[in-house]
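The primary structure of each chain is shown beneath.
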Amino acid sequence: MSGTKTELSSVETRHPSFVFSLNGVETKIQTASSRRLVDLLRTDLDLPGTKIGCEIGRCGACMVLIDGKPSNSCLTMAYQCEGKDVETIEGMNGESLDPVQKLFLEEGALQCGYCTPGMVMSLKGLLKEKEKPTYEEMKESISGNICRCTGYGGINRVLRKLSEG
Amino acid sequence: MHLNEQTNSRPWRIRPDGQAKVTGELRYLTDMTSPGKLIGRVLRSGVPHARLLSVDTSKAKELPGVVSVLTSKDVPGLNGFGIAEPNQPVFCEDLIRYEGDAIAAVAAETNEIAERALELIEFEYEELPVLDTPEKALSSDAPLLHAEGNILHETSYSKGDVQKAFNLCHAIVEETYETPRQMHAFMETEGGIFVPEKHGKLTVYSPTQHGYKDQMQLARILGIPADDIRVVSSPIGGSFGGKDELNVQPFGALLALSSGKPVKMHYSRKESVIAGLKRHPMKVRMKSGVNQKGKLIAHQVEIISDTGAYATLGGPVLNFATEHAIGCYIIPHIELKGKAVYTNNGISGEFRGFGGNQVIFALEGQMDRLAEKINVDPWELRSRNLRTLHDLGPLGQRVLPNDGPSQVWEAIQETPLYKKTEHPPSVDEPWIVTGKGMSLAMHGSGLGYGIPDPAGGQIRLNEQGKIEVAFGHEEFGQGLLGTLEIMLLDHFNCDVEDLEIIIGDTALVPPSGSSTASRTTNMVWRALQNMKRPFLDKLFFKVNELTGEPVEQLQTGKNGIWKEAKQGEGREFVLTFQELAASCTEPLKCSTEFDFPVTPDPVIGGHYLYGSTSVIAEVEVNMLTGMIRVTGIDHVVAAGEVVNPLGYLGQIEGGSIMALGFTIIEDALMENGNYVTKNFDTYLVPTIADVPEIQHVEAVEELPEGDVHGPRGVGEIGSVALAPAIVSAIKQATGKWVTKLPVNPETILNVWDEPFPMDKEERKKGRERV
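Residues numbered from 1 in each chain as written. Chains lettered and ligands numbered in written order. Predicted model: local features only at pLDDT ≥ 70, side-chain atom pairs only at ≥ 80, totals over all residues.

The name an unreviewed UniProt entry gives chain B is Xanthine dehydrogenase subunit D, with Salipaludibacillus keqinensis as the organism.

An unreviewed UniProt entry annotates chain A as Xanthine dehydrogenase subunit E originating from Salipaludibacillus keqinensis.

Here is the structure:
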């Protein structure tokens, strides 16, 4: 996903434009300054890999990376993305699965899967910041991501393996 | 079989829908969109009890961008829904019974316009007294919430003479237990997209646990034939029972047909909280007595269930609670009464465990208290009273021979947590006290006697040369697709690429009954058993016709049909599935229809098949704050063969943590009929910081001789028995019995009338005083 350029403008021409990098692609969007990033992604850009769960920053389903830092996209407005580097789950997918995603599969760290993109983004954020985080650090990094299905059994196995591996 | 490591007879298998989930590529039904779609929104009453006098939608209709505005007058068919009893209006007509009652719905070009339109709808009402407890609703001067009264359903069961028996008891314990209004809190809220098709037909893409049931209910509302409605019901971002009943569907369907455009709906969390189902809060009074030998001889139970404004499955949930208030214990004298009471509180309905969780908390609490009273080990007391292989079921009905309770009673004593010796109190944090507790339960699967419980499936060799199975079930995370894949690979020894699994789409699948009640694994297992031989016969007969190879030497395998190995020679490839499919003029297919096994005795709600579980929990209680940390949970589950070890483990781990929430933190609080915990800032569910790192899960697979009913589902059983184990552990740690869930830290702090004693001996004395 590079080399192309995305432009999106809404009917309301009085809206300002915002330019930011989305998964490595320069993206220009004309929209209300206060439009939530989660709506830009899910509705305007049809990138529904980022989920929506509570809209108050309590469940982590909408987690994305902004300049490498995990951020709830439900609490981020369009103007806050100006000039920033926004990465979503769609941007994580290369030729093959990365080790975190692969471990999620192998350890049964997902069931319905609705929290999984957010979980993966939170962990990726930590791994960007720190190459070898401890188990406790990883646990803390996803303590703002709710999983209602697994009881965190599989997720704990993933963290344990990552911290040992 | 210990399930935590990959040392099982079957290896762990990656779920087939997993890759699309970890990459975010899977489109859930609420992620779907359609060109020119409208956004559907619902106007809710906001008041819990009122007479609705008028609704004026004229201003909303004039707003540019609004395409459709509907009220009760616009429902062409039945203005009502409800799986068991359709007494919930799609739109209120005259009486508002809860704050989530729908007054009107709007379809508009954008969410913002739809929201503005809702504000422009005017409705007048006259408030009525709020019946916010079952007690108020039962009082003689209470206004009636439904024409038939304020009681949805009553149960009663008795045997022997309980009053006389109490007189003969050596010890009696009487206690009232209360359980919370737990929220399903699936991460994906209710929603979907509703697409009008040619000739007045409709396609519904919306999560449910029974696509054909939604089709039937929607046909009733829309006044069109069921066949004109296609329901695509899978994949789903979690349900736990909470999406079993209709939610957005009536509104989306009506708006799509009236506007002629696709309508997308997706509840906010707040709307999901207000409108959605919850677990029935129950008040369970139990009086139970034992004789000198510690044998239960009398058991009296009264269950009051707050069913909220409408029926949905409140009746069957009470039936289930009634049966499980006796559970796996043999008691000669029983008197049991239950009432499901309408109130102006939300709506209670189907939720993982289905009424079992509440009464098992009470029943196991009684066992622990009786044991303490007669100074017998609580596990020993259970053993003296457990059912044996050929005993009748809890309601005196004949059941399949079942000694699961004894199996799990035994097996829990081998788990790491059971064997762990108590760790000494920390010198640094003497205010942290620890305890362990155990509990046991039996849990029925299937819908029970008196409710139609059909099942079925199809298998065929499709045009692409794949073995294709089709079931009217849904994948909401439980792992049905993975379990089916494993079963199919076992049956046909083929490659994953040779398989095609179709579920959750009424245009493509046969009716299979609901994906609820721990029934799905069991039913697809049975369906494949029924279809395998006739399907293989058809395949091999055709191959014989084509190649002359003898039928009895043929077998399925990787990519196609093989001829079995002869002495000294390897097996021989005969032809590919594609070649076989291409040479068929008639598709090779089989189907099956049958019912979930049910007791022959006419005992409403009585079950025939059960799973059993025992659980041990370890807690740390902070005596300065009253906060509880669950530091260990081990589960034993007896539910027949483990088909999918990773899926099984996940169901128990996940069910267990949902039960941890039920026990110590979760409660959807209401005040005067209004929710006060409207989102995850105040309704807390466990995070990774709140759970033990490892839960050991042990599966007992041996079924009694002659049991041909195969693997039972385990979707619910991990969630039913943890609460009493935690409460028993808290008692051990603090000396305090808890009767109301979730455990209120203050009730634990009250143990100590004086400042917390730092000296261990002092603390011990304090406990003895309690």
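Moving on from the model shown.
Colleague: A description of the domain arrangement of chain B should follow, citing residues and the corresponding values.
Modeller: Residues and elements named next belong to chain B. Looking at chain B, the domain boundaries give domain 1 (32–128 + 184–278), domain 2 (282–448 + 602–769) and domain 3 (454–595). Across the boundary between the two partners, domain 2 contributes 19 residues, which contact 15 residues of domain 3. The leading source of residues in the side of domain 2 that touches domain 3 is helix α17 (residues 645–664), at three residues. Per-class residue counts for the side of domain 2 that touches domain 3 are six nonpolar, 10 polar and three charged. (Domains from an automatic or database assignment. Contact = placed C-beta atoms within 7 Å. Helix = DSSP H or I, 4+ residues; strand = E, 2+ residues; numbered from the N terminus. Nonpolar A, V, L, I, M, F, W, Y, C, P; charged D, E, K, R; others polar.)

Colleague: Let's hear about the sheet that holds strand β19 (residues 454–461) of chain B: which residues, and what values?
Modeller: All names here are of chain B. Taken in spatial order, the four strands of this open sheet run β21-β20-β19-β25, and their pairing is mixed. Because the sheet does not close on itself, it has two edges, and the strands there are β21 (499–503) and β25 (589–595). In this sheet, neighbouring strand axes are inclined to one another by 15° on average, regardless of whether the strands run parallel or antiparallel. Relative to β25, β19 is paired through seven bridges, and the arrangement is antiparallel. The partner of alanine 455 across the bridge, within β25, is phenylalanine 594. Here helix α14 (residues 480–492) sits on the sheet in contact with β20 (467–471) and β21, set at roughly 140° to β21. Relative to β19, helix α15 (residues 520–547) is tilted by about 35°, and along the sheet it contacts β19, β20 and β25. (Pairing = 2+ DSSP bridges. Axes fitted to C-alpha atoms, helices over the stretch in contact; angles between N-to-C directions.)

Colleague: Any chance you could break down the nonpolar core for me, citing the residues and the numbers?
Modeller: Judged by nonpolar contacts, the single largest core of 272 residues is most densely connected at Ala104, Val106, Ala108, Ala617, Leu722, Ile726 and Ile730 of chain B. Non-local contacts of leucine 722 of chain B, meaning those with residues more than four positions away in its chain, are made with Val615, Ala617, Ile633, Ser656, Ala659, Leu660 and Thr663 of chain B. (Core = buried A, V, L, I, M, F, W, Y, C linked by C-beta atoms within 7 Å. Buried ≥ 20, exposed ≤ 12 C-beta atoms within 10 Å, placed from the backbone.)

Colleague: Any chance you could break down the sheet that holds strand β24 (residues 572–576) of chain B for me, citing the residues and the numbers?
Modeller: Residues and elements named next belong to chain B. In space, the three strands of this open sheet follow the order β22-β23-β24, with antiparallel pairing throughout. Across the chains shown, the open sheet's two edge strands, defined by having one partner strand only, are β22 (554–557) and β24. Looking at each pair of strands side by side, their axes are set apart by 35° on average, direction ignored. Bridge analysis of strand β23 (residues 560–563) against β24 gives four bridges, and the strand direction is antiparallel. Residue glycine 560 lies in a different strand from β24, and its bridge partner there is threonine 576.

Colleague: Can you explain the interface of chain B and chain A? Please cite residues and give values.
Modeller: The accessible area lost on association of the parts is a frequent measure of interface size. In this complex, chain B contributes 44 residues to the contact, which on the side of chain A involves 40 residues. Here the side of chain B that touches chain A gets seven residues from one element, more than from any other, and that element is α17 of chain B. Here the residues of the side of chain B that touches chain A sort into 18 nonpolar, 17 polar and nine charged.

Colleague: I'd love a proper account of α15 of chain B, names of residues and values included.
Modeller: Each turn of an α-helix holds 3.6 residues, which means side chains three or four residues apart point in the same direction. Residues and elements named next belong to chain B. Taking 1.5 Å as the rise per residue, α15 with 28 residues should run 40 Å; its terminal C-alpha atoms sit 39 Å apart, in good agreement. In α15, a bend of some 35° at lysine 532 exceeds every other bend along the element, and proline 534, a proline, comes one to four places later. Glycine 548, located one to two residues past α15, shows a positive phi value of around 80°. (Expected span 1.5 Å × (residues − 1). Bend = angle between axes of the 7 residues up to and from the residue.)

Colleague: Could you give me a rundown of the pairing of strand β10 (residues 202–205) of chain B, with the residues and numbers involved?
Modeller: Residue and element names in this part refer to chain B. Pairing geometry for strand β9 (residues 191–196) and β10, over four bridges, is antiparallel. By the bridge assignment for β10, isoleucine 193 is matched with tyrosine 205. Between β9 and β10, which pair antiparallel and follow one another directly, the connecting turn spans five residues, one of which, histidine 199, has a positive phi of 60°. As paired elements, β10 and strand β11 (residues 229–232) share four bridges and run parallel to each other. Following the sheet pairing, leucine 202 is matched in β11 by isoleucine 229. Remark: the β10/helix α6 (residues 211–222)/β11 crossover connection has right-handed handedness. (Right-handed = clockwise from strand over helix to strand, strands pointing away.)

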